[in-house]
Amino acid sequence: MAPLKKFVKAAFTATAPNFQSTSKPGSGGSSIGSTSLLSGLDVASVSLEEMCGLFKAEPADNLYLTSNGERGVCVYKPVKKGDVVLSIPISSCFRDDEPPRWYEHLENDEANEDEHDITDYERYSPSGWASRLAASVLDLELNNSEGEVQNENYLKKGREMWQSMLPDEDILRASLPVHWGEEIVGSTKCTALELAIDSAYFARATAVFTLTDELKQVLEDNNDKKEDKKEEIATADLERKCHDALDIVQTRACRVERATEDGAQWGPPLRILAPIFDFINHASSRITGQGSANAEFGVENEQMCDMHEAKLVVRALRDIDEGEEVLIDYGDSARPAWRCLTSYGFVPDYDLDADTNDEEPIENVAELWMNGLRFDVDPNSVPYDLVEVAAAQTMLDYSVDEDEFAKEEEEIENGMLTPLVARTIADRATEAAVNLVIETEEGDSEEDVWDKAEFVQAASLANRLRWSQHEVLMKFAKNLRELCNPEPEEED
């Protein structure tokens, strides 16, 4: 920690650099994104009770979809803390270890009739599990399911209903930065987002290449079986379909552990797409009060090396009132804001004044550049390296009051967070915050692009990210200035 002068009110903590790794996009909670535009049925016409029956989910009569604003899941009747909000069998979900037969890479099907040629490495590989789940989504369109699923008409009907409720492909695509052009990406003014997009781009390209190759093969085989006119297969169209399927997986899949009740892990993590569950929206579990997560999820009834009776269960973290929306925390892939946007295609609403849990107080951060170096800051802490850089700059700043500098000279030379150093950081943070809300140049964009819903969606999300970063920096600067001018202690 960076030392604080004893007489200064400790509104801040100065922290050492954080070297903890973060989870990859899509490895946290489930998500439906932020759009309410549907490609099929109208929300009001959909009965979750019917869907619960088709997927054998329980309770079947206590959930409904909201249709005002963002789509979400609410309860008809109150749910007590610890009680089940939703329970759905793992067997009703899409599983990454059960891809369709045409995607299993088994050249000798007769010799490996009941085997799945999936290695542990592939299970852990981001592009591997995402591709397998995307293949299951594509299989719905191919209508080429085999085995038990084909015979279970109720499950097939449920999945078709679920598919009809997915977001519009173009809007979902426009919500994910991996598809954005350079102009929109640059307008976010977020270096972390740009780096994340670069990383995601190559993983996505590999997944699309693999999926397209497999999908093209199965379509060509189907074409060869036709006696009438053959259909021409356009590679570009197949690539777009694969991208759309991967978008669904990226924004809706969740990760669950293969572990017994005593915590013994018996296999690699399982990624699933769980219909109905994936309609539940995100809220943070790191804050308390209104707008915080009121439910959590996990796998129950799981046995060692056996998932047949396992269920994905959502339980109430606190009492949920009648008509209240069910909210779960999507995990580390939903924070900070730029990572949530990269992973799920939306920017959460943050209440920077909300009470936080002491164990994990940091909810959102913003990047701050000083003297050519980049720092992640949150409203309530100061990176130690930033204090050192600001202290060095303060010593070189000839505009600083000489008397004030003389009082703090020794502490500044030792890299302490003094009021003078805090003011230097606050001024820089305010400058950076203002720069984020200055209107960006539109470059060579044609005027008619604003008539396209996809461009408006992407530009709107870029603006929301900038505003989110702006609010963090302004709160950060405000707290620093309060540190510079502490309120006098009341005399007894």
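Conventions and cut-offs
Residues numbered from 1 in each chain as written. Predicted model: local features only at pLDDT ≥ 70, side-chain atom pairs only at ≥ 80, totals over all residues. Heavy atoms only, no water. Helix = DSSP H or I, 4+ residues; strand = E, 2+ residues; numbered from the N terminus. Polar contact = N/O pair within 3.5 Å; in protein donor to acceptor, adjacent residues only side chain to side chain. Contact = heavy atoms within 4.5 Å. Buried < 20%, exposed > 50% of the residue type's maximum accessible area, 1.4 Å probe, protein only. Pairing = 2+ DSSP bridges. Axes fitted to C-alpha atoms, helices over the stretch in contact; angles between N-to-C directions. Parallel < 35°, antiparallel > 145°, perpendicular 65-115°, else oblique. Left-handed = near helix turned anticlockwise from the far one by under 90°. Nonpolar A, V, L, I, M, F, W, Y, C, P; charged D, E, K, R; others polar. Salt bridge = Lys/Arg side-chain N within 4 Å of Asp/Glu carboxyl O. Expected span 1.5 Å × (residues − 1).

Some details on the side chain of asparagine 364
Logical step 1: Within the secondary structure, asparagine 364 sits in the loop between helix H10 (337–344) and strand S12 (366–370).
Logical step 2: A polar contact is formed between the side chain of asparagine 364 and the backbone nitrogen of alanine 337, at a distance of 3.0 Å.
Logical step 3: A distance of 2.9 Å separates polar atoms of two side chains, one belonging to asparagine 364 and the other to serine 468.
Logical step 4: When sequence neighbours within four positions are dropped, the list of residues in contact with asparagine 364 reads Pro336, Ala337, Tyr350, Val377, Asp378, Pro379, Ser468, Gln469 and Val472.

Things to note about the pairing of strand S4 (residues 84–89)
Logical step 1: With respect to burial, S4 is a largely interior element, five of its six residues being buried.
Logical step 2: Here five bridges tie S4 to strand S10 (residues 311–316), and the two strands are oriented antiparallel to one another. In the strand pairing of S10, isoleucine 88 is matched with leucine 312.

Observations regarding the packing of helix H1 (residues 48–55) against helix H5 (residues 153–164)
The axes of two packed helices give the description: the angle between them and the distance between them.
Logical step 1: Packing of H1 against H5 brings their axes to within 8 Å, and their N-to-C directions diverge by 140°. Regarding the angle of H1 to H5, the classification is oblique. Where H1 crosses over H5, the two elements pack in a sense that is left-handed. For the pair H1 and H5, contact is made by Glu50, Met51, Leu54 and Phe55 and by Tyr154, Leu155, Lys157, Gly158, Arg159, Met161 and Trp162, respectively.
Logical step 2: When its residues are assigned to classes, the contact of H1 with H5 shows seven nonpolar, one polar and three charged.

Structural notes on the pattern of salt bridges
Logical step 1: All chains considered together, the criterion is met by 22 salt bridges.
Logical step 2: A salt bridge links arginine 464 to aspartate 349; the shortest N-O distance between them is 2.8 Å. With a gap of 115 residues between them, arginine 464 in helix H14 (residues 453–484) and aspartate 349 in the loop between H10 and S12 connect regions that are remote in the sequence.
Logical step 3: Accessibility expressed as a relative area gives 32% for arginine 464, which makes it partly exposed.
Logical step 4: Here aspartate 349 falls in the exposed class, since its relative accessible area comes to 70%.

Re the sheet that holds strand S6 (residues 254–259)
Logical step 1: Taken together, the three strands give an open sheet; going across it, the order is S5-S7-S6, and neighbouring strands pair in antiparallel fashion. Sheet topology places strand S5 (94–95) and S6 at the edges, where each strand pairs with a single neighbour.
Logical step 2: In this structure, S6 lies alongside strand S7 (residues 265–273), joined through five bridges in antiparallel fashion. Within the sheet, the bridge partner assigned to arginine 258 lies in S7 and is glycine 267.

Observations concerning H5
Logical step 1: Between its terminal C-alpha atoms H5 stretches 17 Å, which fits the 16 Å expected from 12 residues at 1.5 Å a residue.
Logical step 2: Taken residue by residue, H5 has Leu155, Gly158, Arg159, Met161, Trp162 and Ser164 as its buried positions.

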